[in-house]
2 protein chains.
Amino acid sequence: MGFFVHILGSGASMPTGHRSCSAQVVNVEGFKILIDAGEGVQNQIRRAHVKMQSIGTILISHLHGDHFFGLPGLISSMHLCGRTEPLDIFAPQGLNEVLGAIFRVSNTALAFPLNIHTIGPDTQQPILSNNKCTIRSFPIYHSIETYGFIIEEKRKNALSLKRNVATQYNLSADDMQKIKQGADYLMPDGTVIPNSLLTQQPKQPKRYAYCCDTSYNENLIPILNGVELLCFDCTFDSKNTDLAISKGHGTTVQAATLAKQAGVGQLLLTHFSARFKDITPLLDEAHSIFPNTIAATDLDMIDMQNVSKQ
Amino acid sequence: MGFFVHILGSGASMPTGHRSCSAQVVNVEGFKILIDAGEGVQNQIRRAHVKMQSIGTILISHLHGDHFFGLPGLISSMHLCGRTEPLDIFAPQGLNEVLGAIFRVSNTALAFPLNIHTIGPDTQQPILSNNKCTIRSFPIYHSIETYGFIIEEKRKNALSLKRNVATQYNLSADDMQKIKQGADYLMPDGTVIPNSLLTQQPKQPKRYAYCCDTSYNENLIPILNGVELLCFDCTFDSKNTDLAISKGHGTTVQAATLAKQAGVGQLLLTHFSARFKDITPLLDEAHSIFPNTIAATDLDMIDMQNVSKQ
């Protein structure tokens, strides 16, 4: 359990020997969300040791091939491996048409419910909310209709025991239950240990924001304000700013500037153009503006517990 | 130059760590044909050191995902890498609908002509014929409309010089040209060397047949009669014959039996189910019926010059 981001693909428009196309699995307390599904995503899911059938929700940012060409193969493999659980996909208008054509020509009748939810520009309501997390979408700035996502842990209202308290006072399960509900602890010798010495307040829920593919746009500042981890489009370095703008992508400097303006905890760069064999210079550019920046690498896993403001 | 088969993917319905989904590049004197295009084919093309843009013709046997889910990514990458040369795809009815939907929702206008030719059951006319080869298609026996292909080298009518003749007689370019046209050679001392001692007849053109996915069917015997290399569906071993029949696939024994009945030169087994980690027992089963059998392995290359009857 916990809150983790598994990077499956961190490359741009074409897969290379080192970077697959865009895909990530976000795991919030065991609830697994696939964000984007570039070609080969089913292979990357296996390499990351994520159980394919444990993914119940897929978010597709936009309908450029490098973000969804792995989806038909993944769905087919889920079907061939006997899936019966529903699969919910959230994507812009049009995915239905593509998947419908594919499964029609291949004469495939899926053995599980495939629920395709169309994302629209309304950002007022979460697109999904359950007991683990809330997911919100918002329009971002690319060459076709594209969405960013914020995944926020659900707030836990219960108190939790401080480390070592159970052994220190030799607490029974019943004692622990009462203490978590706010009770003080009465020791066998009559001493009262106040609840505040035994428990800690629930942690502030963390938020993960995914913005890829997009240009820099200051409209994103209030939306991303204060998120713990921001994953942002870094297709280009600052030398290619004009190219980035014309293609609807971000640069090192733009990603870092936005991270600073939005006061995020940590910046995670991704979607690197295949032209950059070594991304150290790109990280250096971002560090000069926003020091708490890391670069996505295929099959890396980020534990949101370790993400904090510097 | 020559006639080669590059195996890009030899697995069945799902990619595994060892076998990609179905795909091969056949190179006939530099004319490159991609047969099937399972997910990840663009990666496999790069790993096989085939130049992606040198592929001008693609044959799709049928519209199950493991045979064409890599096609949209390959076409997109050809486009992104600046292709202007036409691409000809031969496939059963329906591919147009899928590719049309994909490029419509991604707002992609390809910068090269994409010519999709629908294959039908007419086997009288070749689907393609140029100065390098002739390609014929024929219906095979799967759960949806599926085609096999025979690629046949063009017969070379010209005589060729025997090895070492040019240096032995110190021939000029003009001499060699005349000898290839049938002339005898008059040596400076007046001796006449008859043409038959200087030249060899053109080789018999070779044929490569691809039959995947299909059940065994004796209707295939006359079509495959005497081909030098037959690539055949070997999804299962003989223990799973009933399963193979129900799924429209072949077994070791069926492939080897057909190879023997059709009098082919060599049998190439492919499309192995992921359940077989070690295919040695499958090869053993086939060898007991048709000894000149080999198994496809991803990234192997077969030189048709080395393929002969045993």
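Residues numbered from 1 in each chain as written. Chains lettered and ligands numbered in written order. Predicted model: local features only at pLDDT ≥ 70, side-chain atom pairs only at ≥ 80, totals over all residues. Heavy atoms only, no water.

Trainee: Lay out the sheet that holds strand S4 (residues 55-59) of chain B with the relevant residues and their values.
Mentor: Residues and elements named next belong to chain B. Spatial strand order, S6-S5-S4-S3-S2-S1-S18: seven strands in an open sheet with mixed pairing. Each edge of the open sheet carries a strand with a single partner, namely strand S6 (114-118) and strand S18 (301-303). For this sheet, the mean inter-axis angle between neighbouring strands, taken without regard to orientation, is 20°. Where strand S5 (residues 87-91) and S6 come together, five bridges link them in parallel fashion. Counterpart to Asp 88 in the pairing with S6 is Asn 115. (Pairing = 2+ DSSP bridges. Helix = DSSP H or I, 4+ residues; strand = E, 2+ residues; numbered from the N terminus. Axes fitted to C-alpha atoms, helices over the stretch in contact; angles between N-to-C directions.)

Trainee: Go over helix H10 (residues 280-287) of chain A, please, and point to the residues and values.
Mentor: Residues and elements named next belong to chain A. For H10, the set of buried residues is Leu 282, Leu 283, Glu 285 and Ala 286. The buried residues of H10 occupy one face: seen down the axis, they fall within an arc of 155°. Lining the buried residues of H10 we find helix H9 (252-262), strand S16 (266-270) and strand S17 (293-295). (Buried < 20%, exposed > 50% of the residue type's maximum accessible area, 1.4 Å probe, protein only. Arc of directions from axis to C-beta. Contact = heavy atoms within 4.5 Å.)

Trainee: With reference to specific residues and values, describe the relation of the copies chain B and chain A.
Mentor: Laying chain B over chain A is done by rotating through 180° and shifting 0.1 Å along the axis; what remains is an RMSD of 0.1 Å. A rotation of that kind, with that shift, is consistent with a two-fold axis. By C-alpha distance to the rotation axis, the residue of chain B lying nearest is Gly40(B), at 2.9 Å. Comparing contact sets, 100% of the residues at the interface of chain B also lie at the interface in chain A, consistent with an isologous, same-surface contact. (Least-squares fit on C-alpha atoms with pLDDT ≥ 70 in both.)

Trainee: Talk me through the layout of surface pockets; I want residue IDs and the actual numbers.
Mentor: Quantified by volume, the second largest pocket comes out at close to 830 Å³. Taken together, 35 residues make up the lining of the second largest pocket; nearest its centre are Ser13(A), Asp66(A), Lys247(A), His249(A) and Leu80(B). With five residues, helix H2 (residues 71-80) of chain B is the single largest residue contributor to the lining of the second largest pocket. Here the lining of the second largest pocket is built from residues that sort into 10 nonpolar, 19 polar and six charged. (1 Å grid on protein atoms, 1.4 Å probe; cavity = no way out; pocket = protein on both sides within 12 Å on 5 of 7 lines; lining within 4 Å. Points joined across faces, edges and corners; volume = space filled by probe spheres on them. Nonpolar A, V, L, I, M, F, W, Y, C, P; charged D, E, K, R; others polar.)

Trainee: Can you explain the pattern of salt bridges? Please cite residues and give values.
Mentor: In a structure, side chains of opposite charge can pair up when their charged atoms sit close to one another. Residue and element names in this part refer to chain B. Scanning all chains against the criterion turns up eight salt bridges over all chains. Across the pair Asp 174 and Lys 178 runs a salt bridge whose closest N-O atoms are separated by 3.2 Å. Of this pair, Asp 174 and Lys 178 both sit in helix H5 (residues 173-180), four residues apart, which is roughly one turn of the helix. The exposure class of Asp 174 is partly exposed, given its relative accessible area of 46%. Residue class for Lys 178 comes out partly exposed when judged on its relative accessible area of 46%. (Salt bridge = Lys/Arg side-chain N within 4 Å of Asp/Glu carboxyl O.)

Trainee: Describe the pairing of strand S1 (residues 3-9) of chain B, with residues and values.
Mentor: All names here are of chain B. Taking burial as the measure, the seven residues of S1 include seven buried ones, the bulk of the element. In terms of strand pairing, S1 meets strand S2 (residues 23-28) through six bridges, oriented antiparallel. What sits directly across from Ile 7, in S2, is Gln 24. In this structure, S1 lies alongside S18, joined through three bridges in antiparallel fashion. Of the residues in S18, the one forming a bridge with Phe 4 is Asp 303.

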